[in-house]
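Residue-level structural notes
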Amino acid sequence: MVALAGGPKVGQAGAARIFDLEVAMDVVSAALTPDVLDRLPRFPPGTSYGPDIDAANQVLLSAAPEEAKRAAFLDWVTRHQPCVFGRVATKSGAAAKGLGMTLCWIDDSTMDAGWAAVAARIADARRGWKEQAALGESSAFLIMFNSARLAHARPSQELVRLSADLASLYLVEWAPVQPDVIYTEAIPLRGKDGVLRVFKASVQLFHTGAHLRRHHDRRVPGGLLISVNGPGHYANALVARGQFDSLRDSVPLVRRMAARSIGAGGLGSDDASSTTWHRDVCSAERDTARWFSAAYHLDVLVQSEVVGDPSPRTGPCPSHEVWSWLHLDYIDAHETTAADRTHGWFHGTAITEDALHHNPWPPVVPVDAPDFNY
C-alpha cells in the first residue's frame, strides 16, 4: 500500500484521526466561498448531454419537489448507469438481490444556506447509513449535489478543485481531499457471529459534464454525485442476512456483477464507446476476466487530468493514457489478514462498538503496475 505523501497512516481499524465538522470546515472554508458554484466554467446554453440525461434534467433542474427529483434520478440510474451495482441497488427505489443503498440529497437551497449546512446534512446521512449498513441493510451511499450550476459545469481545473472540496465535506477524517488519490470508505457490518467489522468501499465521482469525455462512463444527470460502493460488504451482508450460506457462495454473484459493469459504459450516445474494457476480448470469459483496462483509474476520486479536460473524447484512448493493470482479484473469498494489501475488501477488520462511524482506511496514490493493490 502506498500512503498519501504527507498524510496520516494507520494500520489498525480505529487508529485513524477523527475530525469533527468544525475542523473539516476550517480545512476547506477558504476554497468554498459562497460564489464558488457561480464561478465554474460552463457549457454553452442548449448543450445536450444525451437524450437520456436531457430528459432526466427536465425534472432534476426544474422547480419540482425533491421527491420527484429523487424518483427521476433513481429511474435514470436503473436504466442508464453502466455500473450493475448501481442499477440493482436503485431498481424501483428499493433493494434488489439484497443490495440496498442510501441516498443523501443536497440541493441548491442547502448549498445556498452555507457549506457548514451541507457538511452537517452529509454527516447526518452518513451516520444513519452506517447504522443501516451494520444491520446489512445498505452497502452503498450516494451523495447527490443537485444543481443546474453543477450540471452545466464543464470539465475544468475549477471543477477539479470544487469536487475535491465537496468530497472533503464528506470524508472529514482525511480532509482536505486531494486530486489524483484513491480514497476508501469504511462500512460496518455485524456478522452472523455477532462480531462488528468494517469493510472497504470505493469512493467515486460522477457528474453531468462527463458526457462524451474521457470518463464518459461517469456521466449522471442533475449535477455531481459522490458514489460509495462496498462489494465485499454486500457479499458478507448476503451471508449475514441468510441469503447465502457462506462467503464462498456469495462472492461469484458479486464478481459477475463487477465484471458485467466493465465495458458497459457507452450508454447515452451513439458516438461514444465505453471508457473501460476487458483485456480479454473473449466475451465467453467476461464474468471471470482477471484484468481490465480503462481511460482513467476508476477508484481515483478526482483525477485532475480527466475531470479537468473539457475536450470531447469519443475515439480510442491514446496508449499513454490507459490504466492497464486494473483487476478484479480482490473479489475473492480467500481469507486475508491485516498484512495483505487487499485486506478489508472481503474480509473485514473487527472493531469496537464506539468505532462504528470511523473510517480507518488511509488514502493511497495509485500506480499503474500489475502488483499494485490497496
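Residues numbered from 1 in each chain as written. Predicted model: local features only at pLDDT ≥ 70, side-chain atom pairs only at ≥ 80, totals over all residues. Heavy atoms only, no water.

Take the pairing of strand S7 (residues 291–294) next. Because side chains alternate across S7, one face comprises the buried residues Trp291 and Ser293, and the other comprises Phe292 and Ala294, equally buried. Summarising the sheet, strand S6 (residues 276–278) and S7 pair through three bridges and their orientation is antiparallel. The residue bridging Thr276 from the neighbouring strand is Ala294, located in S7. Pairing geometry for S7 and strand S8 (residues 323–327), over three bridges, is antiparallel. Looking across to S8, one finds that Phe292 is bridged to Leu326. (Buried < 20%, exposed > 50% of the residue type's maximum accessible area, 1.4 Å probe, protein only. Helix = DSSP H or I, 4+ residues; strand = E, 2+ residues; numbered from the N terminus. Pairing = 2+ DSSP bridges.)

Per-residue pLDDT for the protein averages 86, and the proportion of residues at 70 or more is 85%. Taken together, the stretch residues 1–19 has pLDDT below 50 and engages in 46 contacts with residues farther than four places along the chain or on a different chain. Long-range and interchain partners of residues 283–288, a stretch whose pLDDT sits below 50, account for eleven contacts in this model, where long-range means more than four residues apart. (pLDDT = per-residue confidence, 0-100. Contact = heavy atoms within 4.5 Å.)

This brings us to the sheet that holds S6. If you walk across this open sheet you meet the three strands as S6-S7-S8, and the pairing is antiparallel. Edge positions in the sheet fall to S6 and S8, since each of these pairs with one other strand and no more. Between one strand and the next, the sheet's axes are offset by a mean angle of 35°, whatever the strand orientation. (Axes fitted to C-alpha atoms, helices over the stretch in contact; angles between N-to-C directions.)

The subject of this paragraph is the packing of aromatic side chains. Two descriptors summarise a pair of aromatic rings, namely the distance from one centre to the other and the angle between the planes of the rings. Tallying each qualifying case throughout the model produces nine aromatic pairs. Seen in terms of ring centroids, Trp129 and Phe141 are 4.8 Å apart; in terms of plane orientation they differ by 10°. Their pairing is stacked. Of this pair, Trp129 sits in helix H6 (residues 115–134) while Phe141 sits in strand S2 (residues 140–146), and the two are twelve residues apart along the sequence. Relative to Phe346, the ring of Tyr330 has its centre 6.2 Å away and its plane inclined at 55°; by these criteria the two rings are tilted. Linking Tyr330 in the loop between S8 and strand S9 (349–350) with Phe346 in the loop between S8 and S9, this pair joins segments that are 16 residues apart in sequence. Taking NZ or CZ as reference, Lys200 lies 5.2 Å from the ring centre of Trp361, over its face. (Phe/Tyr/Trp six-rings, centres within 6.5 Å; stacked < 30°, edge-to-face > 60°. Lys NZ or Arg CZ within 6 Å of the ring centre and 35° of its normal.)

Running from N to C, helix H9 (residues 231–240) and helix H10 (residues 247–261) cross one another at 140°; their axes reach a closest spacing of 9 Å. Taken together, the axes of H9 and H10 lie oblique to each other. Crossing hand, H9 versus H10: right-handed. Where H9 abuts H10, its residues Pro231, Tyr234, Ala235, Asn236, Leu238 and Val239 lie against Leu247, Ser250, Leu253, Val254 and Met257. (Parallel < 35°, antiparallel > 145°, perpendicular 65-115°, else oblique. Left-handed = near helix turned anticlockwise from the far one by under 90°.)

A separate point is the environment of Tyr183. The residue Tyr183 is located in the loop between helix H8 (157–168) and strand S3 (184–190) in this model. A relative accessible area of 1% means that Tyr183 is categorised as buried. Counting along the chain gives 118 residues from Tyr183 to Leu301, while the straight-line C-alpha distance between them is 6.5 Å. For Tyr183, the side chain forms a polar contact with the main-chain nitrogen of Gln178, separated by 2.7 Å. (Polar contact = N/O pair within 3.5 Å; in protein donor to acceptor, adjacent residues only side chain to side chain.)

Within this structure, the stated rule accounts for 19 salt bridges. Glu185 is paired through a salt bridge with Arg126; the nearest N and O atoms lie 3.0 Å apart. Residue Glu185 is found in strand S3, and its partner Arg126 is found in helix H6; the two are separated by 59 residues along the sequence. Since its relative accessible area comes to 0%, Glu185 is described here as buried. Look at the salt bridges and you will find they share partners, linking Asp38, Arg42, Asp108, Asp112 and Arg149 into a network. (Salt bridge = Lys/Arg side-chain N within 4 Å of Asp/Glu carboxyl O.)

Moving on, we get to H10. Taking 1.5 Å as the rise per residue, H10 with 15 residues should run 21 Å; its terminal C-alpha atoms sit 21 Å apart, in good agreement. Along H10, the residues classified as buried are Leu247, Ser250, Val251, Leu253, Val254, Arg255, Met257, Ala258, Ala259 and Ser261. Trailing H10 by a residue or two, Gly263 shows a phi angle of about 85°, which is positive. (Expected span 1.5 Å × (residues − 1).)

Residue Pro176 is bonded to the preceding Ala175 through a cis peptide linkage, with omega at 0°. Assignment of secondary structure puts Pro176 in the loop between H8 and S3. Look at Asp180: it is not a glycine, yet its phi comes out positive at around 65°. Within the secondary structure layout, Asp180 lies in the loop between H8 and S3. The class of Asp180 is partly exposed, set by a relative accessible area of 32%. Look at Leu212: it is not a glycine, yet its phi comes out positive at around 65°. When you line up the elements, Leu212 lands in the loop between strand S4 (196–207) and strand S5 (223–229). The buried category is assigned to Leu212, whose relative accessible area is 18%.

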